[in-house]
2 protein chains.
Amino acid sequence: MSERIVIKNLAAHADGPVTVSGWVETVRDQKKVQFVVLRDESGAVQLVNPRNSDAEGVVIADEPAITISSLAQGTFVTATGELKHDERVKLGGIEIKLSSLEVVTEAIAETPIASDSSIDKRLDWRFLDLRRPEQNLVFRLQTTFEHALRSYWVEHDFIELHTPKLMASASESKAELFEVDYFEGKAYLSQSPQFFKQMAQPAGFGKVFEVGPAFRADPSFTSRHATEFTSIDSEISWIDSHEDVMRLHEELLVAGFAAVKEKHGAEIEALFGIEVTVPSTPFPRIPLAEAKRIVAERGYEVPRHDDDMDPEGERQIAAYVRETFGHEFVFLTDYASSIRPFYHMRHADDAALTNSYDLIFNGVEISTGAQREHRVEILEAQARDKGLDPEELDFYLDFFRYGVPPHGGFGMGLARVIMLMLGLSSIREVTYLFRGPNRLLP
Amino acid sequence: MSERIVIKNLAAHADGPVTVSGWVETVRDQKKVQFVVLRDESGAVQLVNPRNSDAEGVVIADEPAITISSLAQGTFVTATGELKHDERVKLGGIEIKLSSLEVVTEAIAETPIASDSSIDKRLDWRFLDLRRPEQNLVFRLQTTFEHALRSYWVEHDFIELHTPKLMASASESKAELFEVDYFEGKAYLSQSPQFFKQMAQPAGFGKVFEVGPAFRADPSFTSRHATEFTSIDSEISWIDSHEDVMRLHEELLVAGFAAVKEKHGAEIEALFGIEVTVPSTPFPRIPLAEAKRIVAERGYEVPRHDDDMDPEGERQIAAYVRETFGHEFVFLTDYASSIRPFYHMRHADDAALTNSYDLIFNGVEISTGAQREHRVEILEAQARDKGLDPEELDFYLDFFRYGVPPHGGFGMGLARVIMLMLGLSSIREVTYLFRGPNRLLP
């Protein structure tokens, strides 16, 4: 391994000889002195090379000056020189006076994207787009967020699952299913780990989680949809109602936001102008019917024929919650059975309502959770009620025939959480490689 | 949430009233006293119910005796009673004298599998098979193993990736590719995150990891192959050779094995008769050509026409390493270019060999690692050399045209590591839901 110092560690390093490696962000090739801004995965530093002159004061074409003059942006180099702390240097108060510069791989002298390129163009060149400090930060803070969730789960004795993404039949709605040629037959890509994380309940696993891909053959082009996305799922047994799921959900988000704020809060503020708020618990909870009344009182009639909210309604109720409770999150609870999947448990005293919720963050739905129906006769009846064929669901219904504890859980879109945490407008900005109906490359 | 105590915590609990929840493992319905072994996600405990008699000494049919007599195996119950520590009780030295027993969900009185059922039959009923303590332990220790790896990565500033599993073209070999109907066109399921984790290098991410599914349309039915498996991947920049990758790989495995041994070592020994060994570093390294000579000296001629090892050769070299170095792991290094993918870097002084390795654990290959070729002209030439069309690879080759650091990494099959750690004979035993050419259910 090369003996380079990562750039973020230079500030704490004593003046003296250092070696750094990274890519060339900018070159200022002036007559008497050359400046290179070098970036690596951790930050940027200025390299400086005062030109040498001959006895008559004429600048000499020597190294590393010749190399610097020919550097294309993006070229990866290893630079050696004298580190010097100097308050006058804008970039971090340090610079490196170059003694040698080794070109490791040359970049072609072309910059296919600029900071004002369209998102689509940027996605064409995603590997260059990701070099921007904002993008680098997105994936570092996402790593921190996920690790905080996983640490919570592991400390609380959850088992991590890797459920199969290849299925013999649909997990939820057939409409959004990708079909796969599977040897002599067909398979389908999992839309969610729903059935299989539930399977961990009769298996006696107690509490489980999974972070993995989910696939939706959804032809929509909104800023919130993708054909492939990372789903965060958890499922726990021996709950009394969806209230227990919401409590878990809150604690996980607090753990995730606290870790991000602590590790990246200052950088997020500098690069995105956002102060990350660690949410207080409990998050506000509002039954959906009440939320619709509140929204109507604010002058917005949800233009839907079913009982559901719409995106504008979600923004409205979020505005109400912000004004009333000063909170960025709200659980909308007790959705109508008519708009929930067959496996959501219905109220004991009103089968028109379910033990379920959506979680709204800054006006956008990021998650659905529920208590599941674990009584097989009722589950079968509810499936039939939804026009599903219980025979096709037989492998799933079997999970409930040999004993199962009461249970519930949630699924949450990772990209939506990160997008909203940073005040961004599209999940494309926070997905490593976005997949949509028109995008399979790179 | 119900106020139950998880069973593993009973031992440290004072005698007195407790509530536990779980499923019925066995019932002994004797004339004067009934015993139920109740299991939950953490362990098993004996419930005891002395029958009541009337004045003439005739046993009365009262509760919970009636309920106990009708309990089917697998029924989920909540039991309340008096905890009593008693050394004479074989099962953990404790028992609960029942005061009440609530049936939460009845199981149908049928046990489709027994401990001696075939693996295929057990996989048909995987959710019941997973109730066995051995299976529960597999997934708890796998969780610990993964979390130890992730903690190492996070502490060392790696970025976690979620690369897309839907691709426009093959990542490695076309032969083993699953085809997906993708709107009006076709997509393919990723066989490995190879190309996309490499993309993080020109993106300037430095060090990355991913744990996620990979798909191989491989029609083989061996104990080591699946059509979908969990792949552990890591990729790092600024390496000098594959030696740097091996060092990372060793450290990760030491972290994983140490965490498993510490948390589950005693249980693994009790349930699998295996003492987990934390490997010492450095792991032995043997160039493949030398390994073949060693194996030949042991009397085994590898019956292959190419330069590769075969499974028996791997077992032989592992036996040699165990005898000679007392080590369960060995890196076989410097594979021939002829049997490595086009993107493996070749030796500077001998293009017939690559900067690559396979990692053998207890005689089975668990991983392939390499330094990657990052010089685009050479990469293109090597692709052509392998009969690949550089035009089809253009999106990948682009990653190298705009600057990229030297880099390398590895991919490792999670199930194989866990299988070999526990001395098991098939990855089916350590996969939550196995997928093979003939298996998509449950």
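Residues numbered from 1 in each chain as written. Chains lettered and ligands numbered in written order. Predicted model: local features only at pLDDT ≥ 70, side-chain atom pairs only at ≥ 80, totals over all residues. Heavy atoms only, no water.

(A) Quick peek at the packing of helix 4 (residues 133-155) of chain A against helix 6 (residues 242-272) of chain A. All names here are of chain A. Axis separation between helix 4 and helix 6 bottoms out at 8 Å; the angle between their running directions is 155°. Judged by the inter-axis angle, helix 4 sits roughly antiparallel to helix 6. Here the hand of the crossing between helix 4 and helix 6 comes out right-handed. Of the residues in the contact of helix 4 with helix 6, the class split is 19 nonpolar, 3 polar and 5 charged. (Axes fitted to C-alpha atoms, helices over the stretch in contact; angles between N-to-C directions. Helix = DSSP H or I, 4+ residues; strand = E, 2+ residues; numbered from the N terminus. Parallel < 35°, antiparallel > 145°, perpendicular 65-115°, else oblique. Left-handed = near helix turned anticlockwise from the far one by under 90°. Nonpolar A, V, L, I, M, F, W, Y, C, P; charged D, E, K, R; others polar.)

(B) The arrangement of the packing of helix 7 (residues 288-297) of chain B against helix 8 (residues 311-325) of chain B in detail. Residue and element names in this part refer to chain B. In contact at an axis separation of 9 Å, helix 7 and helix 8 are set at 85° when each is read in the N-to-C sense. When the axes of helix 7 and helix 8 are compared, the pair comes out roughly perpendicular. Together, Ala291, Ile294 and Val295 of helix 7 and Gly313, Gln316, Ile317 and Tyr320 of helix 8 make up the contact between the two elements. Residue classes in the contact of helix 7 with helix 8 are distributed as 5 nonpolar, 2 polar and no charged. (Contact = heavy atoms within 4.5 Å.)

(C) Structural view of the domain arrangement of chain A. Residue and element names in this part refer to chain A. Each assigned domain of chain A is listed here: domain 1 (7-105) and domain 2 (127-430). Just the C-alpha atoms count here: the centres of domain 1 and domain 2 sit 48 Å apart. Facing the 5 residues of domain 1 at the interface are 4 residues of domain 2. In total, about 390 Å² of surface goes out of reach between domain 1 and domain 2, with carbon and sulfur atoms giving 49% of it. Among the residues of domain 1 in contact with domain 2, Trp23, Arg39 and Glu41 are the three that bury the most area, contributing 71% of the side total. Between the two partners, domain 1 and domain 2, sit 0 salt bridges. Linking domain 1 with domain 2 are 1 residue pair in polar contact (both at pLDDT 80 or more). Residue classes in the side of domain 1 that touches domain 2 are distributed as 2 nonpolar, 1 polar and 2 charged. (Domains from an automatic or database assignment. Buried area = accessible area lost by both parts, 1.4 Å probe. Salt bridge = Lys/Arg side-chain N within 4 Å of Asp/Glu carboxyl O. Polar contact = N/O pair within 3.5 Å; in protein donor to acceptor, adjacent residues only side chain to side chain.)

(D) Representation of the packing of aromatic side chains. Under the criterion given, the structure shown has 62 aromatic pairs over all chains. Centroid distance Trp238 of chain A to Phe76 of chain B: 6.2 Å. Interplanar angle 40°. Geometry classified as tilted. Here Trp238 of chain A, found in the loop between strand 11 (228-237) and helix 6, pairs with Phe76 of chain B, found in strand 4 (residues 76-85), and the two come from separate chains. Relative accessible area serves as the criterion here: at 5%, Trp238 of chain A is assigned to the buried category. The class of Phe76 of chain B is buried, set by a relative accessible area of 1%. On the basis of an interplanar angle of 85° and a centroid distance of 6.1 Å, the ring pair of Phe395 of chain B and Phe399 of chain B is categorised as edge-to-face. When its relative accessible area of 1% is taken as the criterion, Phe399 of chain B is described as buried. Among the aromatic residues, ring-to-ring pairing joins Trp125 and Phe127 of chain A together with Phe195, Phe196, Phe342, Tyr343, Phe395, Tyr396, Phe399, Phe400 and Tyr402 of chain B into one connected group. In this structure, Arg340 of chain A packs its charged tip against the face of Tyr335 of chain A, placed 3.9 Å from the ring centre. (Phe/Tyr/Trp six-rings, centres within 6.5 Å; stacked < 30°, edge-to-face > 60°. Buried < 20%, exposed > 50% of the residue type's maximum accessible area, 1.4 Å probe, protein only. Lys NZ or Arg CZ within 6 Å of the ring centre and 35° of its normal.)

(E) Spatial organisation of helix 8 (residues 311-325) of chain A. Residues and elements named next belong to chain A. Here helix 8 is 15 residues long and its end C-alpha atoms lie 20 Å apart, about the 21 Å a rise of 1.5 Å per residue gives. For helix 8, the complete set of buried residues consists of Gly313, Glu314, Gln316, Ile317, Ala318, Ala319 and Val321. For helix 8, the secondary structure elements touched by its buried residues are strand 12 (285-287), helix 7 (288-297), strand 13 (329-333), strand 14 (356-361) and strand 15 (364-371). Looking one or two residues past helix 8, Gly326 carries a phi angle of roughly 60°, positive in sign. (Expected span 1.5 Å × (residues − 1).)

(F) Quick look at the relation of the copies chain B and chain A. Expressed as a screw operation, the relation of chain B to chain A combines 0.0 Å of axial shift with a rotation of 180°, fitting to an RMSD of 0.0 Å. Accordingly, the operation relating the two chain copies is best matched by a two-fold axis. The C-alpha atom lying nearest the rotation axis in chain B is that of Val180 of chain B; the distance is 2.2 Å. (Least-squares fit on C-alpha atoms with pLDDT ≥ 70 in both.)

(G) Representation of the sheet that holds strand 3 (residues 43-50) of chain A in the model. Residue and element names in this part refer to chain A. Within the closed barrel, the 5 strands sit side by side as 1-2-3-5-4. Their pairing is mixed. Between one strand axis and the next, the sheet turns through 50° on average, direction left out of account. Examined bridge by bridge, strand 2 (residues 33-40) and strand 3 share 8 bridges and lie antiparallel to one another. Opposite Phe35, over in strand 3, you have Val48 as the bridge partner. (Pairing = 2+ DSSP bridges.)

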